[in-house]
Amino acid sequence: VDTVAADEHQGDETGTPNGSESDQTPAWTVEAAGQIELNDANTIPIIRRLDDSFPGLHVWDTWPLRDRDGSVASVNGWSIQFALTSPSGVLPGKRHDIAEIRYFYSREGYDWHLGGPVFVPGSAKGNRQWAASAVWDGDSEELFMFYTATGRSGNPNDPRGEGIDITYEQRLALAEGTSLQTTRQGVRITGEWEHEIILTADGEYYQTQEQAGDGIIYAFRDPWYFEDPESGNRYLVFEGNTPLEPGEANCEAQDLEPGDYSSGVAATGAQFNGNIGLAVSTSDEDMSEWELRPPLLEAICVNQQLERGNIVVMDDRYYLFCDSHKFTFPQGLDGPDGMYGFVADSLQGDYEPLNGSGLVLANPADQPFQTYSWMPVPYDDNQIAVLSYYNYHDLGDDTLTGVGNLPREDQMAKFGGTFAPTLVVELDGASTEIVDTLDGGFLPSENSNPPIDTM
Ligand code: FRU
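Quick look at the structure, then.

1. Remarks on the overall build of the protein chain
Here's step 1: Counting secondary structure elements, the protein chain contains 3 helices and 24 strands.
Here's step 2: Within the protein chain, residue pairs in contact and separated by at least 24 positions form 64% of the contacts whose partners lie at least 6 positions apart.
Here's step 3: Just so you have it, the protein chain exposes about 17800 Å², and 42% of that area is on carbon and sulfur atoms.

What follows is the structure, given as structure tokens:
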């Protein structure tokens, strides 16, 4: 590993690297991230192993069907959520290569029934589909799925084979459909969708795969729909990277031996240039017309991946959240796999890190990979309910760089791939606190039942 310690090489006190033109973009600084510390307010309780709710299936990133205004949708009394899924017999590290979006429905918000795949295999953009957000227009009864089109269809290398090179290009796509049916027994999503690529990385605000080099060391993914209550404008928030010229930031690359990070995404040559991207809708009628805007936040020299960016507006404040991994911080910064957050008084405001450091939710120190991919929804006054999935258990820090090197049985046995308990987090200005742990996969909506407390 040949990473220059980030804190020795800051361009200025704000953590903006020398020569960077990111003056206007708020920064998650090395100084702030250097204050990351686990405590009672941010540490997720140890959770017991959950029953396998969907035999034969692993689930990871999840997202609820939401109304245009961001509230959790209730369609004739049903809550609906979506998740990336794979057959549970597949090695956990391999699942990203064959991810498929499935839907689930529930009356109460926690007794989830598996609906099925959302798209007809092979019909969606990309070689496979990654995380996403789903919008329900109750007036027109239209369903909009913004998703990541990963790789290219027609890829000569079948990703379903073991050990085959597949590509990681990421583009943002939209699927529009009108085929959601509810009965007293359940929910069906069937029929045709119209698929379209709506945004690709521009190489200016957002690094392209070509600029980043080979491998999974760049991101242009996880589109999340947002209507700003202040302006009424529609936005997409997403995970991106800021292009850096060689020498622009002294912390820019890590030089790992191939295979060091077999469990994860960071790789030789990865730059610490994560951002939370923004695009604005340019049409009142058409949900497929978007224009890129400068990122909402950058983490130059702080982190390579700000995943699944999203916003909760509460008390006139804009809370911007994302997820990140321990292994995507550079040497010299020690942050857990956790949910991070920032607050500003407008959408494109001057985001300040919550709790001083940005850390909102952390896996416990002795179960550092217990859960991941936190996704909040508004809950009670000043509270969010945060969904996530059960990731790895009993995987110590020492295996951080080598999950893929463990014996196959270990990899399989230690991976959860189920919904994790929903966490309730209180937001008090710029501070946050975990106040409750609820049933696995619990999603609050206007008609969800009081959840079961699993603490
Ligand atoms: C987070 C994530 C997302 C991506 C998905 C791929 O867990 O890395 O950013 O869409 O997983 O499986």
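2. Quick word on the site of the ligand
Here's step 1: Neighbouring the ligand are Trp 60, Asp 61, Leu 84, His 96, Trp 130, Ala 131, Arg 221, Asp 222, Glu 239, Glu 307, Tyr 372 and Ser 373.
Here's step 2: At 2.8 Å, a side-chain N or O of Arg 221 approaches an oxygen atom of the ligand.
Here's step 3: One of the side-chain nitrogen or oxygen atoms of Glu 239 is found 3.5 Å away from an oxygen atom of the ligand.
Here's step 4: Taken by itself the ligand offers 320 Å² of open surface, and the protein chains cover 95% of this.
Here's step 5: Elements that contribute at least two residues to the shell around the ligand include exactly strand E1 (57–67), strand E5 (128–137), strand E11 (221–227) and strand E20 (371–378).
Here's step 6: Classifying every residue of the shell around the ligand by side-chain character gives 5 nonpolar, 2 polar and 5 charged.

3. Details of the sheet that holds E1
Here's step 1: Judged by pairing direction, the sheet is mixed, and its 8 strands sit side by side in the order E4-E3-E2-E1-E5-E6-E7-E10 without closing on themselves. Here the strands that pair on one side only, and so sit at the sheet edges, are strand E4 (113–117) and strand E10 (194–199). The average undirected angle you get between the axes of adjacent strands in this sheet is 30 degrees.

4. A closer look at unusual backbone geometry
Of all residues except glycine, most have a negative phi; of all peptide bonds, most are trans.
Here's step 1: For Cys 301, which is not a glycine, the phi torsion comes out positive at approximately 70 degrees.
Here's step 2: Tracing the sequence through the fold places Cys 301 in the loop between strand E14 (290–300) and strand E15 (307–314).
Here's step 3: The phi torsion at Arg 308 lies on the positive side, around 55 degrees, for a residue other than glycine.
Here's step 4: Among the secondary structure elements, Arg 308 is positioned in strand E15.

5. A short note on the pattern of salt bridges
Here's step 1: According to the stated counting rule, one finds 10 salt bridges in the structure shown.
Here's step 2: Asp 97 is the partner of Lys 94 in a salt bridge, and the nearest nitrogen-oxygen pair spans 3.4 Å.
Here's step 3: A single salt-bridge network, built from bridges that share partners, covers Arg 68, Asp 137 and Glu 227.

6. As for the packing of aromatic side chains
Here's step 1: All told, the structure shown has 25 aromatic pairs when counted by the stated rule.
Here's step 2: Pairing Trp 28 with Phe 329 gives two aromatic rings, centres 5.8 Å apart and planes at 75 degrees, and the pair type is edge-to-face. Here the residue Trp 28 occupies a position in the segment before helix H1 (30–33), and Phe 329 occupies one in the loop between strand E16 (317–324) and strand E17 (338–344), the gap between them amounting to 301 residues.
Here's step 3: With a relative accessible area of 1%, Trp 28 lands in the buried category.
Here's step 4: An aromatic cluster is built from Trp 28, Phe 329, Tyr 340 and Phe 342, whose rings are joined through pairwise contacts.
Here's step 5: The lysine or arginine in question, Arg 95, covers the ring of Trp 60, its NZ or CZ lying 4.7 Å from the ring centre.

7. Brief notes about a negative patch on the surface
Here's step 1: Judged by side-chain charge, Glu 230, Asp 315, Asp 316, Asp 345, Asp 350, Glu 352, Asp 380 and Asp 381 come together as a negatively charged surface patch.
Here's step 2: Inspection of the secondary structure puts Glu 352 in strand E18 (residues 352–353).

8. Some words on the sheet that holds strand E13 (residues 273–281)
Here's step 1: Within the open sheet, the 4 strands sit side by side as E11-E12-E13-E14. Their pairing is antiparallel. Strands at the two margins of the open sheet, each flanked by one partner only, are E11 and E14. Averaged over all pairs of adjacent strands, the angle between their axes in this sheet comes to 25 degrees, without regard to strand direction.
Here's step 2: Pairing analysis gives 8 bridges linking E13 to E14, with the strands arranged antiparallel. Directly across from Asn 273, in E14, lies its bridge partner Ile 300.

9. Details of the nonpolar core
Here's step 1: Core analysis: the biggest nonpolar cluster contains 58 residues, and Leu 65, Phe 82, Met 145, Tyr 147 and Leu 361 have the highest contact counts within it.
Here's step 2: No other element matches E5, which puts 5 residues into this core.
Here's step 3: Counting residues in each nonpolar core, the second largest holds 56 residues, with Ile 198, Val 280, Ile 311 and Ala 344 among its members.

10. Examining the environment of Leu 143
Here's step 1: Relative to the helices and strands, Leu 143 is located in strand E6 (residues 142–150).
Here's step 2: On a C-alpha basis, the gap between Leu 143 and Trp 193 in space is 9.3 Å, while along the polypeptide they are 50 residues apart.
Here's step 3: Discounting residues that sit within four places of it in the chain, Leu 143 has contacts with Leu 65, Val 135, Trp 136, Ala 175, Glu 176, Gly 177, Leu 180, Ile 189 and Trp 193.

11. A closer look at the environment of Met 412
Here's step 1: With respect to the helices and strands, Met 412 occurs in helix H3 (residues 408–414).
Here's step 2: With a relative accessible area of 24%, Met 412 lands in the partly exposed category.
Here's step 3: Along the backbone, Met 412 and Tyr 392 are 20 residues apart, and their C-alpha atoms lie at a distance of 9.4 Å.
Here's step 4: Those residues in contact with Met 412 that sit more than four places away from it in its chain are Ser 88, Gly 89, Val 90, Leu 91 and Pro 92.

12. Describing the environment of Pro 87
Here's step 1: In this structure, Pro 87 sits in strand E2 (residues 79–87).
Here's step 2: Assessed through its relative accessible area of 44%, Pro 87 is described here as partly exposed.
Here's step 3: What Pro 87 contacts, discounting residues up to four positions off in sequence, is Gly 56, His 58 and Ile 98.

13. Let's talk about the side chain of Asn 273
Here's step 1: Within the element layout of this structure, Asn 273 appears in strand E13.
Here's step 2: Leave out the neighbours within four places in its chain, and Asn 273 touches Gln 207, Gly 240, Asn 241, Thr 242, Leu 244, Ala 299, Ile 300, Asn 303 and Gln 304.

14. Considerations on the pairing of strand E24 (residues 431–440)
Here's step 1: Judged from the 7 bridges that link them, strand E23 (residues 421–428) and E24 form a sheet pairing that is antiparallel. Bridge pairing links Pro 421 to Gly 440 in E24.
Here's step 2: Here E23 folds back onto E24 in antiparallel fashion, the turn holding 2 residues, of which Gly 429 has a positive phi close to 60 degrees.

Conventions adopted
Residues numbered from 1 in each chain as written. Predicted model: local features only at pLDDT ≥ 70, side-chain atom pairs only at ≥ 80, totals over all residues. Heavy atoms only, no water. Helix = DSSP H or I, 4+ residues; strand = E, 2+ residues; numbered from the N terminus. Contact = heavy atoms within 4.5 Å. Areas by Shrake-Rupley, 256 points an atom, 1.4 Å probe, with all protein chains shown as cover. Near = heavy atom within 4 Å. Polar contact = N/O pair within 3.5 Å; in protein donor to acceptor, adjacent residues only side chain to side chain. Nonpolar A, V, L, I, M, F, W, Y, C, P; charged D, E, K, R; others polar. Pairing = 2+ DSSP bridges. Axes fitted to C-alpha atoms, helices over the stretch in contact; angles between N-to-C directions. Salt bridge = Lys/Arg side-chain N within 4 Å of Asp/Glu carboxyl O. Phe/Tyr/Trp six-rings, centres within 6.5 Å; stacked < 30°, edge-to-face > 60°. Buried < 20%, exposed > 50% of the residue type's maximum accessible area, 1.4 Å probe, protein only. Lys NZ or Arg CZ within 6 Å of the ring centre and 35° of its normal. Patch = residues over 30% accessible without salt bridge, like charges linked within 9 Å, V, L, I, M, F, W, Y side chains within 5 Å. Lys, Arg positive; Asp, Glu negative; His and termini not counted. Charge placed at Lys NZ, Arg CZ, Asp CG, Glu CD. Core = buried A, V, L, I, M, F, W, Y, C linked by side-chain atoms within 4.5 Å.

Limitation: the analysis is restricted to geometry and does not speak to function.
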